[in-house]
Amino acid sequence: MVRRIIAFFAVFLLTLYCFFLYDDEIVTAMLVVELIYSVFSMISLYVMRRNLKITMAQVLPIAEKNQQIPIQILVKNTSRIPVIHFRIRIRVENSFTGEQKFHDLKGAVTGKHPETLILMLQEKSCGNIHISLDHCRIYDILFLFRTTLKLKEFQDVGILPECHLLPVEVTRRTREFIADAEEFSDRESGDDPSEVYQIREYREKDSIHDVHWKLSAKADDLLVKEHGRPLGCVVLIWLNLESSKNKMSILLEAVASLSLSMLEEKCVHMVAWYEPENQRIRKKRISKEEHIYELLNRLLYVKPYSDIEVAQSQYEEEFRAMSFSTVVEFRMDGSVWVNQEQQMQLPDKEEEIRWEELYFTV
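Definitions and cut-offs
Residue numbers here run from 1 along each chain, matching the order of that chain's written sequence. Given that the model is predicted, a residue must reach a pLDDT of at least 70 before its local features are reported, and side-chain atom pairs must reach 80 or more before they are shown or counted; all residues, however, enter totals for whole chains, interfaces and linings. To get the side-chain values, all heavy atoms of the structure are used, and hydrogens and water are removed first. Counting from the N terminus, the helices are DSSP H or I runs at least four residues long and the strands are E runs at least two residues long. A 1.4 Å probe rolled over the protein chains alone gives each residue an accessible area, and that area as a share of the maximum for its type sets the label: buried under 20%, exposed over 50%, partly exposed in between. The criterion used for residue contact is that any of the two residues' heavy atoms lie within 4.5 Å. Here the Shrake-Rupley method, with its probe set to 1.4 Å, supplies the accessible areas, and only the displayed protein chains count as covering residues. Disulfide assignment relies on a single distance test, namely cysteine sulfur atoms paired within 2.5 Å. Pairs of strands are assigned from DSSP output, requiring at least two bridges between the strands. A fitted line through C-alpha atoms represents every axis, and for helices the fit uses only the stretch in contact; the resulting angles, taken between N-to-C directions, go from 0 to 180 degrees. Our angle categories are set so that under 35 degrees counts as roughly parallel, over 145 as roughly antiparallel, 65 to 115 as roughly perpendicular, and the remainder as oblique. Two helices crossing with the near one rotated counterclockwise from the far one by less than a right angle form a left-handed crossing, whereas a clockwise rotation gives a right-handed crossing. Any residue that is not Ala, Val, Leu, Ile, Met, Phe, Trp, Tyr, Cys, Pro, Asp, Glu, Lys or Arg is counted as polar, Gly included; the first ten are nonpolar and the last four charged. For this quantity, the arc is that covered by the directions from the helix axis to the C-beta atoms. Here, a salt bridge means any Lys or Arg side-chain nitrogen found within 4 Å of an Asp or Glu carboxyl oxygen. The pairing test for Phe, Tyr and Trp rings, Trp by its six-membered ring, is centres within 6.5 Å, and the orientation test on the planes gives stacked under 30 degrees, edge-to-face over 60, and tilted for anything in between. pLDDT runs from 0 to 100 and stands for how confident the predictor is about each residue.

Which residues make up the overall build of the protein chain, and what values do they have?
Within the protein chain, the regular secondary structure consists of 7 helices and 19 strands. Put simply, the protein chain has 362 residues, and 42% of those count as buried. Considering only contacts in the protein chain between residues 6 or more positions apart, those separated by 24 or more positions represent 70%. Carbon and sulfur atoms provide 51% of the accessible area of the protein chain, an area that totals close to 21,200 Å².

So, in structure tokens, the structure goes:
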């Protein structure tokens, strides 16, 4: 484009030089045509700029990592100019990594039919993706002159991480850890006398205190109450989002994978983190797979914090009256701690992680 403008002005100056040097009708006509074209281009560009309408169609608010995301852009020419040539600049920014990417879409639109452009995005990192139409450059017929139209269209898309099944060992201490809970297991009995798991016939070595005397009298046989097993959160996954080094994308994928793997082992757990905007601890109990996606939808918009003392005091206050068999802590530098002992260090790059080798003991 710059070369064309320079070439045009070079030709114009040469024509102007010849106009003063020679008394020739052809040179005069060329100079008039060049002047008229310049004025015509400026006026037409102004008209096109006012009559070019660019909008972005609704994008899916949630997508998965490495998934193809279609971004549809509708361009409409409301002027009487037969055709408008344009180039749209699209900015894509990841809130986790801070990485910015730019994409250009070129095209032409007539006055009869709007033009629909499609950009296929594929994000390799999870996070909140901000997609915005930055500007549009409009060109004249010969692509010599252009004008810029600022655009304000934008949308956000949450990119969910991939969930991997990790080798997880749930120790006997965690299996037998009793925690207070409002929900109880429907698969096995426990030791909580406040909840009845089932009524069955009396067996040898059953305690006389567990006999259900009222039902035994009706059934004319000894019936025993089996106590319920509370589904308390025996394991805490703590996200330490102190912003010394930002590995939020890797961190989120590791947390989601560990959470899913613990569910496969029938280990109910809790995920907690500190939100600096609200200055409070957020907690999410994970007892089924749907809870993981609800958790991820919230974590996509969480920001790291720098006020360590406030976060630590909030943590201590929130969990002062709660006990866990195991506390797994993920830190922003990629280190993973289990009961205050470092267990592993996650790589700096996502493609370097061997998920099948991340072994957890809780």
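Explain the state of the cysteines to me, using residue names and the numbers behind them.
According to the stated counting rule, one finds 0 disulfides in the structure shown. Lacking any disulfide linkage, Cys-163 is separated from the closest cysteine sulfur, that of Cys-126, by 9.8 Å.

Lay out the pairing of strand E17 (residues 335-338) with the relevant residues and their values.
By the alternation rule, side chains of E17 split into Ser-335 and Trp-337 and Val-336 and Val-338, which are all buried. In this sheet, E17 lies alongside strand E16 (residues 326-331) in antiparallel orientation, the contact comprising 3 bridges. Bridge pairing in E17 links Phe-330 to Val-336. Between E16 and E17, which follow one another and run antiparallel, lie 3 residues, and Gly-334 among them has a positive phi close to 95 degrees. When E17 meets strand E18 (residues 341-345), the two strands line up antiparallel, connected through 4 bridges. By the bridge assignment for E18, Trp-337 is matched with Gln-342. Linking E17 back to E18 in an antiparallel pair, the connection comprises 2 residues, with Asn-339 at a positive phi of about 50 degrees.

Just give me the short version of unusual backbone geometry, but keep the residues and values in it.
Backbone geometry places Lys-266, a non-glycine residue, at a positive phi of 60 degrees. As for its position among the elements, Lys-266 is in the loop between helix H5 (248-264) and strand E14 (269-275).

An account of the packing of H5 against helix H6 (residues 289-299) is requested, with residue identities and associated values reported.
The N-to-C vectors of H5 and H6 enclose an angle of 165 degrees; their axes lie 10 Å apart at closest approach. Comparing their axes, H6 and H5 come out roughly antiparallel. Seen from above, H5 lies across H6 with right-handed handedness. Along its contact with H5, which presents Met-248, Leu-252, Ala-256, Ser-259, Leu-260 and Leu-263, the element H6 presents Glu-289, Ile-292, Leu-296 and Leu-299. The residue inventory of the contact of H5 with H6, partitioned by class, reads 8 nonpolar, 1 polar and 1 charged.

Can you explain the sheet that holds strand E1 (residues 52-56)? Please cite residues and give values.
The 3 strands lie next to each other as E1-E3-E6, forming an open sheet whose pairing is antiparallel. On the outer flanks of this sheet lie E1 and strand E6 (115-122), each paired with one strand and no other. For this sheet, the mean inter-axis angle between neighbouring strands, taken without regard to orientation, is 20 degrees.

Please give an account of H6 that cites residues and values.
Listing the buried residues of H6 in full gives His-291, Ile-292, Leu-295, Leu-296 and Leu-299. The buried side chains of H6 occupy one side of the element, clustering within an arc of 140 degrees when seen end-on.

For the pattern of salt bridges, give the residues involved together with the corresponding values.
In the structure shown here, the tally under the stated rule is 8 salt bridges. Among the ionic pairs, Arg-91 bridges to Asp-134, the shortest N-O distance being 2.9 Å. Remark: Asp-134 occurs in strand E7 (residues 127-139) and Arg-91 occurs in strand E4 (residues 83-94); sequence separation between them is 43 residues. Glu-329 is the salt-bridge partner of Arg-331, the closest N and O atoms lying 3.0 Å from each other. The class of Arg-331 is partly exposed, set by a relative accessible area of 27%. In this structure Glu-329 comes out as buried when scored by relative accessible area, which is 14%. Residues joined by salt bridges that share partners form a network here, namely Glu-275, Arg-282 and Arg-298.

Let's hear about the packing of aromatic side chains: which residues, and what values?
What the rule picks out here adds up to 5 aromatic pairs. Where Tyr-139 meets Phe-143, the ring centres are 5.4 Å apart and the plane angle is 35 degrees; that geometry is what we call tilted. For Tyr-139, a relative accessible area of 8% puts it in the buried group. By relative accessible area, which is 27% here, Phe-143 ends up partly exposed.

With reference to specific residues and values, describe the confidence of the model for the protein chain.
If pLDDT is low for a region, its predicted coordinates should not be looked at in detail. Chain-level pLDDT for the protein chain is 79 on average; 79% of the residues reach the 70-or-more range. Per-residue pLDDT stays below 50 along residues 182-186; that stretch engages in 16 contacts with residues further than four places along the chain or on separate chains. In the model, residues 190-195 has pLDDT below 50 throughout and makes 15 contacts with residues more than four positions away in sequence or in other chains.

How would you explain the sheet that holds E17 if you had to name every residue and give the values?
Pairing is mixed in the open sheet, where 6 strands are placed in the order E15-E14-E13-E16-E17-E18. For this open sheet the edge positions go to strand E15 (280-286) and E18, each flanked by a neighbour on one side alone. Adjacent strand axes in the sheet meet at a mean angle of 20 degrees when their direction is disregarded. As judged from the 6 bridges shared by strand E13 (residues 235-240) and E16, these two strands associate in the parallel manner. Across the sheet, the residue bridging to Leu-239 is Phe-330, located in E16. This element, helix H7 (residues 308-318), spans E13, E14, E15 and E16 of the sheet and lies at about 50 degrees to E15.

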